[in-house]
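# Survey of secondary and tertiary structure
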Amino acid sequence: MSRTFRQSERALATATSYTEWYAAAAELDRHEGRDKWRSELESDDYDYRLLASRVRVLKKLRREQDVDRMIFRLREELHGNLGNMANPALYQHARTGTKKLINEYLDEVCISLKMLCDSDIKSLPPMRKRRFLKRAARSFGRSCLLLSGGASQGLFHIGVIKELMAERIMPRVITGSSAGAIIAGIIASHTDAELEEMLVPSRMKFEWARMFGITDMIRGTGVLDQSLLKKSIDRNIPGMTFLEAYEHTNRILNITVSPADPNQFPRLLNYLTAPNVLIRRAALASSAIPGLFPPVQLRAKNFNGKSVAYMPQSRWIDGSVHEDIPKERVNRLHNINHYIVSQANPHVVPFLSDETDAKGLLPFIQDVVFKGPLVQIEHFLETVQQHFEVPGLGSVIKKAHAMARQTYSGDITIHPDRRLMSLGKTFSNFGEAEIEKILWEGRRATWPKIERIRNTTQISRTFDRCLRCMSERYRYVKR
């Protein structure tokens, strides 16, 4: 092993920014010949012939400015996994990305879309152009960032978000459950400029965990003082509704809440399903961990802008109980077909498998040891539900089964190092040094995933930019 190789390994381990990490990763890829693999077209993991032919056709049409044929091609052939180019195996070879042919194809598609958007051709009037972009974007789909629960460990999400924002690859659609609902609420209710000032460890105040006294516990329905959690949420999330936040930041916020009433169903709150609900109260409800906090009544703004009870008879609890990662619901509402998950639940992370996990006997044994008990627990709880009605415990068993049977990962899953997860700190108030540390963990955990996220979101981000540009031009023309 050469001295340069060892230096690059050290640089990778001690990098303080993504730029430094990527430079070290690129050097290691060169030493190991992985950059050569990236330059080669051939691989059994994707249809390189198909992608190469699409690149040639799009380049030709662009040179000739044949917009009609270009629109026909893009409308018929544009697909997020064309030729299996989204195959996770294509990201297991090099640290710095995948085949350069895939990058070339993505770049060519985006250049073509921008050319169509910016063109001033008589045969492509604004209405036709906008109709094509909207339909193609709908057909292509888009990505969503889903933030899990995790109590204090949920601050990990902020480190992930800071890196995605720094690289300009943050999805517009963001979903949060429990602690993730609080973080998602903060992000969706503040502009990028506001977040840059706010998300500094020295300014972040997340004191939320305080035990009740014995007398209070006997009188109340929870162990922790919910008023402190409410103050923390109100300090970080302005008094906006879902619709107001959408209009302020253009981000689409979703928060999951679970019913305290067995005859109610889980809900995904957003600017479409609950436009006037206050984000603060939705985040409080989604964070109401059963046994620790009492259920919460949602509140909304009425026609006159006054805060009133929303569904007054219903109370809501921790969104993670039924849907920590609500993929199906967010897909139906927002046309999502690609899921980036930031997972910080300490009871979930040990059971996760990375897309890049090694193959072989040892990883197989680790999977059996970690995941086998989880499967057995899920089966046991399902059997109990089917065959018994346990007085006083029916609701608890139902919630436990809902948690055990969920899927907690996505197409791309970012999570802390298992060795750094600490159950003992899950319900603690973090000081500035601890906040700095967990944000750092989130940043570092994101770096190996950035190029894959950049690629998988590139076309949908281009659609968003083009449609926004068209809307601005159309408004300008109307005036």
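Structure: see above.
Before going into details, it helps to say that this report is about the structure given with it. (Residues numbered from 1 in each chain as written. Predicted model: local features only at pLDDT ≥ 70, side-chain atom pairs only at ≥ 80, totals over all residues. Heavy atoms only, no water.)

### Comments concerning the overall build of the protein chain
- When you go through the protein chain residue by residue, the secondary structure sums to 20 helices and nine strands.
- A buried classification covers 48% of the 479 residues belonging to the protein chain.
- A fraction of 77% describes how many contacts in the protein chain between residues 6 or more apart in sequence connect residues 24 or more apart.
- Surface exposure of the protein chain reaches about 23900 Å², of which carbon and sulfur atoms provide 53%. (Helix = DSSP H or I, 4+ residues; strand = E, 2+ residues; numbered from the N terminus. Buried < 20%, exposed > 50% of the residue type's maximum accessible area, 1.4 Å probe, protein only. Contact = heavy atoms within 4.5 Å. Areas by Shrake-Rupley, 256 points an atom, 1.4 Å probe, with all protein chains shown as cover.)

### Observations concerning the packing of aromatic side chains
- This model, assessed by the stated rule, comprises eight aromatic pairs.
- Seen in terms of ring centroids, Phe140 and Phe463 are 6.2 Å apart; in terms of plane orientation they differ by 50°. Their pairing is tilted. One end of the pair, Phe140, is in helix α7 (residues 126-140); the other, Phe463, is in helix α20 (residues 450-478), with 323 residues separating them in the sequence. Of the two residues, Phe140 and Phe463, both sit in the buried class.
- The interplanar angle of 10° and the centroid separation of 4.1 Å between the aromatic rings of Tyr246 and Tyr271 together place this pair among those described as stacked. Pair noted here: Tyr246 is in helix α13 (residues 242-249) and Tyr271 is in the loop between β4 (267-269) and α14 (279-286), with a separation of 25 residues, a long-range link.
- The exposure class assigned to Tyr246 is partly exposed, which follows from its relative accessible area of 22%. (Phe/Tyr/Trp six-rings, centres within 6.5 Å; stacked < 30°, edge-to-face > 60°.)

### Considering the side chain of Gln297
- The topology assignment puts Gln297 in the loop between α14 and β5 (299-301).
- Within the structure, the side chain of Gln297 is placed 3.0 Å from the backbone oxygen of Pro312, a separation counted as a polar contact.
- With residues near it in sequence (within four places) discarded, Gln297 still touches Arg281, Ala309, Tyr310, Pro312, Ser314 and Arg315. (Polar contact = N/O pair within 3.5 Å; in protein donor to acceptor, adjacent residues only side chain to side chain.)

### A few points about the nonpolar core
- With 83 residues, the main nonpolar core has Leu155, Ile174, Phe242 and Ile255 as its most contacted residues.
- No other element matches helix α9 (residues 179-188), which puts seven residues into this core.
- The next biggest cluster of nonpolar side chains, apart from the first, holds 38 residues, and it includes Met85, Tyr91, Leu124 and Phe140. (Core = buried A, V, L, I, M, F, W, Y, C linked by side-chain atoms within 4.5 Å.)

### Quick look at the pattern of salt bridges
- Considering all chains together, one arrives at 20 salt bridges under this definition.
- The residue Glu32 makes a salt bridge to Arg34 at a minimum N-O spacing of 2.5 Å.
- Residue Glu32 is classed as partly exposed on the basis of its relative accessible area of 33%.
- In this structure, a network of salt bridges that share partners links the residues Asp29, Glu32, Arg34 and Arg95. (Salt bridge = Lys/Arg side-chain N within 4 Å of Asp/Glu carboxyl O.)

### As for α7
- Compared with the 21 Å implied by 1.5 Å per residue over 15 residues, the 21 Å span of α7 between its first and last C-alpha is a close match.
- Those residues of α7 that sit buried are Lys129, Phe132, Leu133, Ala136, Ala137 and Phe140. Buried positions in α7, seen along its axis, are confined to an arc of 120° and lie on one side of it. Seen from the buried face of α7, the exposed residues on the opposite side, beyond 90 degrees, are Met127, Arg135, Arg138 and Ser139. (Expected span 1.5 Å × (residues − 1). Arc of directions from axis to C-beta.)

### Some remarks on the pairing of strand β1 (residues 142-147)
- Across the six residues of β1, five count as buried, placing the element largely inside the fold.
- Pairing geometry for β1 and strand β8 (residues 336-342), over six bridges, is parallel. If you follow Arg142 over to β8, its bridge partner there is Ile336.
- Sheet topology places β1 next to strand β2 (residues 173-176); four bridges connect them, and they run parallel. Bridge assignment links Leu145 to a residue of β2, and that residue is Ile174.
- In this view, the connection linking β1 to its parallel neighbour β2 by way of helix α8 (residues 156-166) has right-handed handedness. (Pairing = 2+ DSSP bridges. Right-handed = clockwise from strand over helix to strand, strands pointing away.)

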